[in-house]
Structures are given as structure tokens and as C-alpha cells.
Amino acid sequence: SYFEGKSFAGAISLFISISAIALLLPRAISLNQLPTLANFVHNPAELAQRTRPMRSQIRLSNILTTLTCIVIGAIVLIQTKERIAGEQLALCLLLITLQSTASIQSLVNSNILMAAEKSRLLLKINTITSIVFLSTTMLLYFFLIKNVFLYLCIAMLVLNLYRLHKTRLYAKPFYDSHPTL
């Protein structure tokens, strides 16, 4: 079973639905700054200065969002009527929270790439992560191993960390006036 039963699936669904609301704030901060970034994309020093407050706002928002998700996860765990693989549910909620945190941290760099009209690099990153996730899902499905959803959560976290790394790597030349060779 992918979700260890209806209660497990319901708890995960409730958590994702509620925590998605908390993720709107960092995305709004990010989108609001995109036009400003476009004006300074060819001036690394100015772009670095302009993105500094945005990075701070998103970092603070990310901390608050992560704490909110942890509280929501705790409430979901406490309110679950059946004792449904509590440790597994807690671990899945934590992994979903961490992958959301990594995803949000990549927003500034993604915006820099979009402002620099390098969205093709984002497409490349997203294509790679989507193919790896789909392949992982298919492998887990065909081998019918236990705790499939837990492994999918781990895969999501790893892929979001990869995405964070690649967006930083590709965006760095636009805000770092002394990029390393």
C-alpha cells in the first residue's frame, strides 16, 4: 500500500493542503521582486544588493513557514484517530516540510535566472528532476516495496536539494562580481 491506509492518506492530504497556504507568502515575495531584478540583471553588484533583502525576507518567511508546518504536522499527528504508523507519518510530514523549505530557498535564484532570460536552464533542471522522480516512482511501483510513500518523500527532498544547488550554481554569475572559475 502506498499510503498505509485511508487515515495515512487523509493525514498527508490534510497536511499538504494546509501547509500549501503557508507557502504562498514566500512565493508572493519572490514574484513581487521579479520586475526589479530584471532592471539590474546585468549589474552584478547592484543585483546582489537588491537580492539581499529579498533573500532575508524569504529566509525569514521560510523559517516561519517551516515552524508552521511542524506545528500543523504535530496537530495532524495528535488528531489522527487511528494509530497509523505514527513514526512513518511523522517522518513523511518532516520530509515534506524539508523539501518545501529547499524548494522555497531556490526562489531567489530562479527569479534571477528568469530576469536574465535564462529560463531554459530552469526548464533543464525541472526536466531532469521530473524524469528522475517519474523513474523513481515507477521503480517503487513495480517492485512493490513497503513504505513507498516514505521513499517518494525522500526522493522529493533529494531532488529539491539538487534543484537548489543547480539554481544557485547557474544564478551565481549574475550576482557575484567575482565568480570562481
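Residues numbered from 1 in each chain as written. Predicted model: local features only at pLDDT ≥ 70, side-chain atom pairs only at ≥ 80, totals over all residues. Heavy atoms only, no water.

## Observations concerning the overall build of the protein chain
Secondary structure summary: the protein chain contains 7 helices and 0 strands in total. Of the regular secondary structure in the protein chain, the N- to C-terminal order runs α-α-α-α-α-α-α. Along the first, second and third principal axes, the C-alpha atoms of the protein chain reach 55 × 35 × 25 Å. In the protein chain, which comprises 181 residues, the share counted as buried stands at 38%. In the protein chain, of all internal contacts separated by at least 6 residues, the share reaching a separation of at least 24 is 83%. If you sum the accessible surface of the protein chain, you get close to 10500 Å²; carbon and sulfur atoms cover 67% of it. The positive charge centre, built from 16 side chains, and the negative charge centre, built from 6, are 5 Å apart in the protein chain. (Helix = DSSP H or I, 4+ residues; strand = E, 2+ residues; numbered from the N terminus. Buried < 20%, exposed > 50% of the residue type's maximum accessible area, 1.4 Å probe, protein only. Contact = heavy atoms within 4.5 Å. Areas by Shrake-Rupley, 256 points an atom, 1.4 Å probe, with all protein chains shown as cover. Lys, Arg positive; Asp, Glu negative; His and termini not counted. Charge placed at Lys NZ, Arg CZ, Asp CG, Glu CD.)

## A look at the packing of aromatic side chains
For any pair of aromatic rings, the description rests on two quantities: the centre-to-centre distance and the angle between the ring planes. Evaluated as defined, the whole model comprises 1 aromatic pair. With 5.3 Å between their ring centres and 70 degrees between their planes, tyrosine 141 and phenylalanine 142 make a pair best called edge-to-face. Assessed through its relative accessible area of 42%, tyrosine 141 is described here as partly exposed. (Phe/Tyr/Trp six-rings, centres within 6.5 Å; stacked < 30°, edge-to-face > 60°.)

## Some details on the packing of helix H2 (residues 24–40) against helix H3 (residues 44–79)
When two helices pack together, their arrangement is given by the angle between the helix axes and the distance between those axes. Two elements in contact, H2 and H3, have axes whose closest approach is 10 Å; the angle formed by their N-to-C orientations is 175 degrees. As summarised for this structure, H2 and H3 are arranged roughly antiparallel, according to the angle between their axes. Of the residues in H3, those touching H2 at Leu25, Pro26, Ile29, Ser30, Gln33, Thr36, Leu37 and Phe40 are Glu46, Leu47, Arg50, Thr51, Met54, Gln57, Ile58, Ser61 and Thr65. Partitioning the contact of H2 with H3 into residue classes produces 8 nonpolar, 7 polar and 2 charged. (Axes fitted to C-alpha atoms, helices over the stretch in contact; angles between N-to-C directions. Parallel < 35°, antiparallel > 145°, perpendicular 65-115°, else oblique. Nonpolar A, V, L, I, M, F, W, Y, C, P; charged D, E, K, R; others polar.)

In short, the description is geometric, and any link to function would need to be established separately.
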